[in-house]
Amino acid sequence: MSPRFTDAELRKILSRGEGRFVEFKSAWDRSSGDPKALKRRDVRDKIADSVAAFANADGGLLLLGVEDDGAPSGHGYSGGALEDFRAVPARRLRPSVSCRTERLTIDGKEILAFQVPIAAEAVMIEGNGFPYRVGDRILREPQEVMNERKQAYRRVGCEQRYRPEAMIEHLDLDLAASFLRKTPVGERPVLELLEYYGLIEKDSRDWRITTAALLLFARRPALKWHPRAGIRVFRVTGTERLHGTERNVTQIGRADPPLARAVEEGKVMARSQVRRSETLRDLFFEDTPEYPDFAWQEALVNAVAHRDYEVTSRETEIWFYADRVETSNPGDLVPPATLEALRQGRPIHASRNPMLVRVLADAGIMRDEGEGVARIFGEMKTHSLAVPTITSVDGLFTITLHNDGRHEASSRE
């Protein structure tokens, strides 16, 4: 079991703010001048709502005694009241949720921390429905919709499965330590880090290793564990692929797993294919890429994070054409996500690889709000570029960014 949060870890968590995996809740009523302690029933309601929402989504951390801006404000309750609060996940939720709770102190303020696991089935608050976390918001949905999500994760999510043939020696622990050092708990010993993120689990004899751990940190050649977990980058001369004697496709490179290395290697290869030009703006020339950096990078990271790793026949692929770039990953959308919802930018959350997402988010590789596609659309609009195209055909999800035709072909083509 990982140790309690240190002062430094807690400060990092508070500084990063709320998101998909972290929620702050104040214990004070500030509606009329001087703050006063909330009614205990109101606090119990807050805890029940947040814990159930995390359990119904991808798990997370609730910190009671923290303001929305991350400022620790503590509480005004006795020990008996705190024990009452700690019992809420078992007493108010059905089925009950087994949280790890801690009493932490920072700057003289006591905070109550709830580490919430992913629930195997929909969790209900007695008399108040089924909350669900989307980004940093809590929504409510019918029980059947929630259980559909849970069933989809059990059906398509292979990341949490233990690999009986894998041992701790199959992991590159130096890579794991280096990669996870950027997380809020990154100063812990590497095995504690892997355990904290659920990537390994201690049993009576040894460690059990998840597929997610192998995808992220397997010793090379990691293809032993998944032959197509990497990233391939291609350049097409023109706007359509041709074959035979007219073949116009060049493979720029391939970034093999583990993903802790492959994501950055894939970015380097893709960046080399993003053409740039100089644009006159306010009497100065400005270096302008054909696609906003955030847009193409977010498309790549989302493809890696959300692809279906049950599919072992193809990698995540990036195809650069004269007029567009297509980023594709194996895997249909996971219910209740739909193409229409993504195109409209509606808040929606569907999990295929929540363990991978949490590690990548905590390491600063991706954002954890669950709105990456919506932000890609926003970036393209901000740069006066065409609306991206999203398709899901024959088990392949693709997001296409279109350029404006101003960038001349470089010598790389």
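Residues numbered from 1 in each chain as written. Predicted model: local features only at pLDDT ≥ 70, side-chain atom pairs only at ≥ 80, totals over all residues. Heavy atoms only, no water.

K.L.:
How should I be thinking about helix α3 (residues 79-86) in this particular structure?
P.N.:
Quick reminder: α-helices carry 3.6 residues per turn. Residues three or four places apart thus point the same way. Turning to α3, its buried residues number three or more, namely Ala81, Leu82, Asp84 and Phe85. Taken end-on, α3 shows its buried residues confined to a sector of 155 degrees, consistent with a single buried face. Next to the buried residues of α3 lie α2 (40-56), β4 (60-64), α4 (88-91), β6 (100-106) and β7 (109-116). (Buried < 20%, exposed > 50% of the residue type's maximum accessible area, 1.4 Å probe, protein only. Helix = DSSP H or I, 4+ residues; strand = E, 2+ residues; numbered from the N terminus. Arc of directions from axis to C-beta. Contact = heavy atoms within 4.5 Å.)

K.L.:
Quick question: what am I supposed to make of the nonpolar core here?
P.N.:
Where a protein is soluble and globular, its nonpolar side chains tend to be buried together. Formed by 84 residues in total, the largest nonpolar core has its most connected members in Leu63, Phe179, Leu194, Leu199, Ile209, Phe217 and Leu401. If one sorts the elements of this core by residue count, helix α10 (residues 293-306) sits on top with 7 residues. Ignoring anything within four residues of it in the chain, the contact list for phenylalanine 179 reads Phe217, Ala260, Val359, Leu360, Ala363 and Ile365. Counting residues in hydrophobic clusters, the runner-up holds 25 residues, among them Val51, Leu64, Tyr77 and Val116. (Core = buried A, V, L, I, M, F, W, Y, C linked by side-chain atoms within 4.5 Å.)

K.L.:
Explain the pairing of strand β20 (residues 396-402) here, please?
P.N.:
The side chains of a regular strand alternate, residue by residue, between the two faces of the sheet. Counted residue by residue, β20 has 6 buried out of 7 residues, so it is predominantly covered. In this sheet, β20 lies alongside strand β18 (residues 324-330) in antiparallel orientation, the contact comprising 7 bridges. The partner of asparagine 329 across the bridge, within β20, is phenylalanine 397. Bridging between strand β19 (residues 389-393) and β20 involves 5 bridges; their strand directions are antiparallel. Residue pairing across strands places threonine 389 opposite threonine 400, the latter belonging to β20. (Pairing = 2+ DSSP bridges.)

K.L.:
Help me understand the pairing of strand β17 (residues 316-320), please; the structure alone is not making it clear to me.
P.N.:
In terms of burial, β17 is a largely internal element, 5 of the 5 residues being buried. Because side chains alternate across β17, one face comprises the buried residues Thr316, Ile318 and Phe320, and the other comprises Glu317 and Trp319, equally buried. Where strand β13 (residues 231-236) lies against β17, 5 bridges are found, and the strand directions are parallel. Within the sheet, the bridge partner assigned to phenylalanine 234 lies in β17 and is tryptophan 319. Sheet topology places β17 next to β18; 4 bridges connect them, and they run antiparallel. Across the sheet, the residue bridging to isoleucine 318 is threonine 327, located in β18. In sequence, β17 turns back onto β18 through a hairpin of 3 residues.

K.L.:
Can you help me understand the side chain of asparagine 302 in this one?
P.N.:
Structurally, asparagine 302 is set in helix α10. In contact with asparagine 302, other than residues within four places in its own chain, are Arg307, Met366 and Gly372.

K.L.:
Just to check I follow, could you spell out the confidence of the model for the protein for this structure?
P.N.:
In regions of low pLDDT, the predicted coordinates are not meant to be interpreted in detail. Per-residue pLDDT for the protein has a mean of 89; in total, 89% of the residues score no lower than 70. Below a pLDDT of 50 lies the segment residues 409-413, which in the model reaches 11 contacts outside its immediate sequence neighbourhood of four places, other chains included. (pLDDT = per-residue confidence, 0-100.)

K.L.:
Is there a simple way to think about the packing of α10 against helix α13 (residues 372-382) in this case?
P.N.:
Geometry of a packed helix pair, given as the angle between the helix axes and the separation of the axes. It is the contact of α10 with α13, at a shortest axis distance of 9 Å, that shows an interaxial angle of 160 degrees. One element, α10, and the other, α13, form an angle in the roughly antiparallel class. Judged by the twist between their axes, the crossing of α10 over α13 is left-handed. Along its contact with α10, which presents Phe294, Ala295, Glu298, Ala299 and Asn302, the element α13 presents Gly372, Arg375, Ile376, Glu379 and Met380. (Axes fitted to C-alpha atoms, helices over the stretch in contact; angles between N-to-C directions. Parallel < 35°, antiparallel > 145°, perpendicular 65-115°, else oblique. Left-handed = near helix turned anticlockwise from the far one by under 90°.)

K.L.:
Before we go on, may I ask you to explain the pattern of salt bridges in this structure?
P.N.:
A side chain of one charge can pair with a side chain of the opposite charge when the charged atoms of the two come close. Applying the stated rule across the entire model yields 27 salt bridges. In this structure, the salt-bridge partner of aspartate 7 is arginine 11, at a minimum N-O distance of 2.7 Å. Taken together, the residues aspartate 7 and arginine 11, both in helix α1 (residues 7-16) and 4 residues apart, mark about one turn of the helix. The salt bridge involving glutamate 315 is made with arginine 232; its shortest N-O contact spans 3.2 Å. Of this pair, glutamate 315 sits in the loop between α10 and β17 while arginine 232 sits in strand β13, and the two are 83 residues apart along the sequence. Connected via shared salt-bridge partners are Arg232, Arg254, Asp256, Arg314, Glu315 and Glu317. (Salt bridge = Lys/Arg side-chain N within 4 Å of Asp/Glu carboxyl O.)

K.L.:
Please clarify how the sheet that holds β6 should be interpreted in this entry.
P.N.:
Two strands in a sheet stick together by hydrogen bonds in their backbones, pointing the same way (parallel) or opposite ways (antiparallel). Strand order in the open sheet formed by 4 strands is β1-β4-β7-β6, and the pairing between neighbours is mixed. In this open sheet, the two edge strands, each paired with only one partner strand, are β1 (22-25) and β6. The sheet shows a mean angle of 20 degrees between the axes of neighbouring strands, direction not considered. Across 5 bridges, β4 lies against β7 in antiparallel orientation. Among the inter-strand pairings, leucine 61 is bridged to a residue of β7, identified as glutamine 115. Relative to the sheet, α2 contacts β1, β4 and β7, its axis offset from that of β4 by approximately 170 degrees.

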